[in-house]
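What follows is the residue order along each chain.
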Amino acid sequence: MDTITTLAELRSATDTLRSEGTLALVPTMGALHEGHLTLVRAAKAAADHVAVSIFVNPRQFGEGEDLDAYPRQLARDSELLENEGVALLWAPPPAEVYPPGYATNITVAGVSEGLCGGDRPGHFDGVATVVCKLFNQVGPDMAFFGEKDWQQLAVIRRMARDLDLVRPPVDAIHGIPIVRESDGLAMSSRNAYLSAEQREAAAALPRAMRDAIAVLAEGGAAERPLGNLREVLNVSGFDSVDYVELRDADSLGPLDSDNGNARLFVAARIGGTRLIDNMAVE
């Protein structure tokens, strides 16, 4: 596996890989876990070569968020990726991505509004900007993202469609289902922040979501099951609940009841850690 930190090296390496076959990109911020490795395996099954990026993007962190504390473990991550047969690791320093005088920002309206976009102003501008840059830097034929960040995936697809991206085109931006721990908690790099007591309490999140979905799938108004879900989290050890919402899976428009294409979205905080999750209503 080649580990590359400059654009000049990257362009040479990706030109070589593309000359030998198709190239897939898995963008990450590192602190890799089984969820990330599942994306890598899906990419390997679809493409001749896989590139992974590790870049903790400062532009998607707001004031007071965990940019400085976000786990960075490049040596361990590199070993994991090499074991998976990744061809190229793109691990640039911030100045290589945002050089002095950098002044461009991408805003995606609509799907970026509400949910995490409401709680984290500017977050999805940072996501769209860095992902567009990663696509331009690596020039992949396809890209793979986890569905845990469902809204993020919607933002990236909207950006690719609106900007007529061809490497990759929007139809080659793939979402891979959430990988979960044995107790149902969605895998996340931020789970490492949880104490043993907090980690045990966090398992209430997927359980409460499944209970709410069972009620939502029967029809009727969403207000009561969503309110019950929020209350369960409040009494299960979560310090606050940012949102509990039912939305259309494609447009992300708010719903008052299941429309046959509904998805349940939750963000809640336990200690200093913000956990997000989403599940289809079925």
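Please refer to the structure higher up on the page.
Residues numbered from 1 in each chain as written. Predicted model: local features only at pLDDT ≥ 70, side-chain atom pairs only at ≥ 80, totals over all residues. Heavy atoms only, no water.

A. Layout of helix H2 (residues 34-46). Taking 1.5 Å per residue, 13 residues should reach 18 Å; H2 reaches 18 Å between its end C-alpha atoms and fits that length. Among the residues of H2, those classed as buried are Gly35, His36, Leu37, Leu39, Val40 and Ala43. Looking at the buried positions of H2, the neighbouring elements they touch are strand E2 (23-28), strand E3 (49-54), helix H3 (74-83), strand E5 (142-146) and strand E6 (173-176). (Helix = DSSP H or I, 4+ residues; strand = E, 2+ residues; numbered from the N terminus. Expected span 1.5 Å × (residues − 1). Buried < 20%, exposed > 50% of the residue type's maximum accessible area, 1.4 Å probe, protein only. Contact = heavy atoms within 4.5 Å.)

B. Fine view of the nonpolar core. Counting residues in each nonpolar core, the largest one holds 45 residues, and the members touching the most others are Leu88, Trp90, Val131, Phe135, Phe145, Ile156 and Met159. Breaking this core down by element, the ones donating at least two residues are helix H1 (7-19), E2, strand E4 (88-90), helix H5 (115-119), helix H6 (123-138), E5, helix H7 (150-162) and strand E8 (262-270). When neighbours within four sequence positions are excluded, Phe135 is seen to be in contact with Leu25, Pro140, Ala143, Phe145, Ile156, Met159, Leu165, Arg167, Pro168 and Ile173. Leu205, Ile213, Leu255 and Ala268 belong to the second largest nonpolar core, which has 27 residues in total. (Core = buried A, V, L, I, M, F, W, Y, C linked by side-chain atoms within 4.5 Å.)

C. Looking closely at the environment of Ala13. Relative to the helices and strands, Ala13 resides in helix H1. Of the residues examined, Ala13 reaches a relative accessible area of 17% and is grouped as buried. Not counting the four nearest positions on each side in its chain, Ala13 is found in contact with Ile4 and Leu88.

D. Structural detail: the side chain of Arg263. For Arg263, the position within the fold is in strand E8. Buried within the structure, Arg263 lacks any salt-bridge partner; its nearest side chain of opposite charge belongs to Glu147, at an N-O separation of 4.2 Å. Of the polar contacts made by the side chain of Arg263, one reaches the side chain of Asn278; its length is 2.5 Å. Setting aside residues no more than four positions away along its own chain, Arg263 makes contact with Glu147, Trp150, Glu245, Leu246, Arg247, Ala249, Asn278, Met279, Ala280 and Val281. (Lys, Arg positive; Asp, Glu negative; His and termini not counted. Salt bridge = Lys/Arg side-chain N within 4 Å of Asp/Glu carboxyl O. Polar contact = N/O pair within 3.5 Å; in protein donor to acceptor, adjacent residues only side chain to side chain.)

E. Highlighting the side chain of Thr273. The residue Thr273 is located in strand E9 (residues 273-280) in this model. For Thr273, a relative accessible area of 3% translates into the label buried. Not counting chain neighbours up to four residues away, the residues in contact with Thr273 comprise Arg190, Tyr193, Leu194 and Ala268.

F. How the structure looks around the sheet that holds E3. Strand order across the open sheet formed by six strands is E1-E4-E3-E2-E5-E6, with parallel pairing between neighbours. Each end of this open sheet is capped by a strand with a single partner; those strands are strand E1 (2-4) and E6. Strand-to-strand twist in this sheet, taken as the mean axis angle between neighbours without regard to direction, amounts to 25°. Here two bridges tie E2 to E5, and the two strands are oriented parallel to one another. Its bridge partner being in E5, Leu25 is matched across the sheet by Ala143. (Pairing = 2+ DSSP bridges. Axes fitted to C-alpha atoms, helices over the stretch in contact; angles between N-to-C directions.)

G. Focus on the pattern of salt bridges. This structure, assessed with the given rule, holds 14 salt bridges. Of the charged contacts in the structure, one is a salt bridge between Arg158 and Asp162, with a shortest N-O distance of 2.8 Å. You can see Arg158 and its partner Asp162 sitting in helix H7, four residues apart, about one turn around the helix. According to the relative accessible area criterion, Arg158 is partly exposed, its value standing at 30%. For Arg247, the salt bridge goes to Glu245, with nearest N and O atoms at 2.8 Å. For Arg247, a relative accessible area of 8% corresponds to the buried category. Salt bridges sharing partners connect three or more residues here, namely Asp119, Asp242, Arg269 and Arg274.

The values are spatial; any link to function lies outside them.
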